[in-house]
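So you can see what is in the structure, the chains are spelled out below.
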Amino acid sequence: PEWGVVRGALETLHRMLVRVVANPEDDKFRKVRLSNPAFHAKVGRHQGGKEVLLAANFRRSGDGETLECSRDAVASLAVAVQLLEAALQSLP
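Quick caveat, the model's predicted, so the values are computed rather than measured.

*Asks:* I'd like to hear about the environment of Leu84, residue by residue, with values.
*Replies:* Residue placement: Leu84 occurs in helix H5 (residues 77–90). Exposure remark for Leu84: the relative accessible area of 6% places this residue in the buried category. Separated by eleven residues in sequence, Leu84 and Ala73 place their C-alpha atoms 17 Å apart. In this structure Leu84 touches Leu10, Leu13, His14, Leu17 and Val52, once residues within four positions along its chain are discounted.

*Asks:* If you had to explain the environment of Asp26 to someone new, which residues and values would you point to?
*Replies:* Relative to the assigned elements, Asp26 resides in the loop between helix H1 (3–22) and helix H2 (27–30). Taking the C-alpha atoms as reference points, Asp26 and Arg71, 45 residues apart in sequence, are found 9.1 Å from one another.

*Asks:* Could you give me a rundown of the nonpolar core, with the residues and numbers involved?
*Replies:* Counting residues in hydrophobic clusters, the biggest one holds 22 residues, and the most contacted among them are Leu13, Leu17, Val32, Phe39, Leu53, Phe58 and Leu77. When residues of this core are traced back to their parent elements, those giving at least two are H1, helix H3 (37–44) and H5. Sequence-distant contacts of Leu53, that is, excluding residues within four places in its chain, are made with Leu13, Met16, Leu17, Val32, Phe39, Phe58 and Leu67.

*Asks:* Pulling in residues and values, what's your account of the packing of H1 against H3?
*Replies:* When two helices pack together, you describe them by how their axes are tilted relative to each other and by the distance separating the axes. Contact pair H1 / H3: the axes reach a minimum separation of 8 Å and the direction vectors enclose 125°. Here H1 lies oblique to H3, going by the angle between them. Taking contact as the criterion, the partners of Ala9, Thr12, Leu13 and Met16 in H1 are, on H3, Phe39, Lys42 and Val43. Among the residues making up the contact of H1 with H3, the classes are represented as five nonpolar, one polar and one charged.

*Asks:* Pulling in residues and values, what's your account of unusual backbone geometry?
*Replies:* Even without being a glycine, Asn57 presents a positive backbone phi close to 90°. Mapped onto the elements of the fold, Asn57 is located in the loop between helix H4 (49–55) and strand E2 (59–60).

*Asks:* Mind laying out H1, listing which residues take part and the relevant values?
*Replies:* An ideal rise of 1.5 Å per residue puts 28 Å on 20 residues; H1 measures up with 28 Å between its terminal C-alpha atoms. Residues of H1 that are buried sit in contact with H2, strand E1 (31–33), H3, H4 and H5.

Parameters and conventions
- For every chain, the first residue of its written sequence is number 1, and the numbers climb from 1 along that sequence.
- Given that this is a predicted model, residues contribute local features only at a pLDDT of at least 70 and side-chain atom pairs are listed and counted only at 80 or more, while totals for whole chains, interfaces and linings are drawn from all residues.
- By convention in this description, side-chain values take in all heavy atoms of the structure and omit both hydrogens and water.
- We count a stretch as a helix when DSSP gives it H or I for four or more residues in a row; a strand needs E for two or more, and each element gets its number in order from the N terminus.
- Think of it in three bands: residues with accessible area under 20% of the maximum for their type are buried, residues over 50% are exposed, and the middle band is partly exposed, with areas taken using a 1.4 Å probe on protein chains only.
- Should any heavy atoms of two residues lie within 4.5 Å, those residues are considered in contact.
- The definition of a nonpolar core used throughout is a set of buried Ala, Val, Leu, Ile, Met, Phe, Trp, Tyr and Cys residues joined through side-chain atoms within 4.5 Å.
- Angles here are taken between N-to-C directions and fall from 0 to 180 degrees, while the axes themselves are lines fitted to C-alpha atoms, restricted in helices to the stretch in contact.
- Here the angle decides the label: under 35 degrees means roughly parallel, over 145 means roughly antiparallel, 65 to 115 means roughly perpendicular, and every other value means oblique.
- Note on residue classes: Ala, Val, Leu, Ile, Met, Phe, Trp, Tyr, Cys and Pro are nonpolar, Asp, Glu, Lys and Arg are charged, and everything else, Gly too, is polar.
- Take the number of residues in a helix, subtract one, and multiply by 1.5 Å to get its expected span.

Put into structure tokens, the structure is as follows:
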């Protein structure tokens, strides 16, 4: 794989999750529009990109347009943040 692209996607996911943990009451950090061009370019277009968020407790909205993390699920994101940090450290 292109490690620079992988690193960029993981760094973006890490920043997204850190923002949610730091601002659990702010809806704008707990929702990701799947059609957002920046999200698609950095994460969504890559195999497993959306799945990382789903594994981190984000859920598809009823209309399928967004991934959302409930306020109750924010605490569990700390583990995902740690896993992303470990993944970033292990990249060549």
